[in-house]
Amino acid sequence: MKRWLKVTLGAVALLVVGGAAYTTYVYHSFKTAANAMYHPRSIVQPGAVSSLATGGVGRSVGTDTGASTPNPAAISQFKSFTVLVLGVDRRPHDPGRSDTMIVLSVNPAKGSMLMFNIPRDTRTELMGRGRDDKINHAFAFGGVDMSIRTVEHFLNHSIDYYVQMNMEGFAKMVDLVGGVEVYNPLDFQYEGHHFAQGNLNLNGTEALAYARMRFDDPRGDLGRNARQRELLKQILAQSISEEGLLRVKPILEAAGEQIRTDISFDDMKTFLTQIGPSLKQTDTVEIKGHGSKINGVYYYIVDEPERQRIHGILEKHLLTTAPSP
């Protein structure tokens, strides 16, 4: 065999073995990070309605105050499912509040995802407390479990999974994916940063400030919510880009430290390799309401017809096919 052919075959063999070793390394790194992130819900009340029992249709929770269990078949069987994303801001000697609450509805059959925020000041009954308060206070009083139960009550709809992210960790994740690019519709300054109108490239610290500002936004919480949704989409896109893959180890390590979820390793793998790439459309909706002071405290008031509208939009999106007339 000619020497050049031996060298070529040797190089190819080295690349194949090296590629296989790297793939194995990434797989085990991902599994380790996923296991570190995995935290199942600690409270499961009997009688709650889960999407598994209804096949993804008619998933109301009604007056039930218990949290539904995660749907173990939703992702693995490519059924539609819901995710509550909690961005938690922690302070010294304080359990923190979920200042960001985003509900995701994923429908693999339609190749579609629906995304909407629940404004942090929304007034609703906190499940387990027996009184009305700001919805983001549920996390301070009862952590993830009370947050899920309260959101389910507010939407009259079950939540299949949750993802909790530390907001300081959010900044670290942005840096690790190489920053994010967003279109800023509003010129403003916040926390020592100037955000000019137009396309911006943000690092982690800048992205966190960009996500937090609301008082100088004419749309208040709604404007802030829109910026947060855009940042979340950009982080997801950057994480699976070629540049993001080059940083796979630190990204996975940071995720293991900063994220908690009840989505298992196998379900994450299914979502990232099979469901995620098929999602070609992302729709957004805003929860309409009005501000009001009650006993000197500001609340965002969402009337019952609006809650029913959002419930209907969520139900319709989760349907595999359009309902029969």
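Each chain carries its own residue numbering, running from 1 in the direction its sequence is written. In keeping with the model being predicted, local features are shown solely for residues with a pLDDT of at least 70 and side-chain atom pairs are shown and tallied solely at 80 or more, while totals for entire chains, interfaces and linings include all residues. As a rule here, side-chain values come from all non-hydrogen atoms in the structure, and water together with hydrogens is ignored.

Draft legend 1. Helix α3 (residues 137–155), seen in detail. The end-to-end C-alpha distance of α3, which contains 19 residues, comes to just 17 Å, noticeably less than the 27 Å that a straight helix rising 1.5 Å per residue would cover. Two axes enter the definition of the bend at a residue: one is fitted to the seven residues ending there, the other to the seven starting there, and the bend is the angle between them. The way it works is that DSSP assigns letters per residue, a run of H or I at least four long becomes a helix, a run of E at least two long becomes a strand, and they are numbered from the N terminus. The sharpest bend along α3 reaches about 130° and sits at G143. Each residue is placed in one exposure class: buried if its accessible area under a 1.4 Å probe, protein chains only, is under 20% of its type's maximum, exposed if it is over 50%, and partly exposed if it falls in between. With 16 of 19 residues buried, α3 lies mostly within the body of the structure. At the exit of α3 stands N156, carrying a positive phi of roughly 55°. For a helix, the expected span equals 1.5 Å multiplied by the number of residues minus one.

Draft legend 2. A look at the nonpolar core. Counting residues in each nonpolar core, the largest one holds 46 residues, and the members touching the most others are F81, F170, L202, Y210 and L231. Take the buried Ala, Val, Leu, Ile, Met, Phe, Trp, Tyr and Cys residues and link them wherever side-chain atoms come within 4.5 Å; each set so joined is a nonpolar core. Of all hydrophobic cores here, the second largest spans 24 residues; its members include L114, I135, F154 and I310.

Draft legend 3. A look at the packing of helix α4 (residues 167–176) against helix α5 (residues 204–212). Between α4 and α5, the least distance of the axes is 7 Å, while the angle of their chain directions is 130°. As summarised for this structure, α4 and α5 are arranged oblique, according to the angle between their axes. Along this stretch, α4 crosses α5, giving a crossing that reads as right-handed. Across from M167, E168, F170, A171, V174 and D175 in α4, the residues of α5 making contact are G204, T205, A207, L208 and R212. Three classes are used: nonpolar for Ala, Val, Leu, Ile, Met, Phe, Trp, Tyr, Cys and Pro, charged for Asp, Glu, Lys and Arg, and polar for all others, with Gly counted as polar. In terms of residue class, the contact of α4 with α5 is made up of six nonpolar, two polar and three charged. Lines fitted to C-alpha atoms define the axes, with helix axes restricted to the stretch in contact, and inter-axis angles between N-to-C directions lie between 0 and 180 degrees. Here the word oblique covers every angle except those under 35 degrees (roughly parallel), over 145 (roughly antiparallel) and from 65 to 115 (roughly perpendicular). By the definition used in this description, the sense in which the near helix is turned from the far one sets the handedness, with an anticlockwise turn below a right angle giving left-handed and a clockwise turn giving right-handed. Residues are treated as being in contact if the distance between any of their heavy atoms lies within 4.5 Å.

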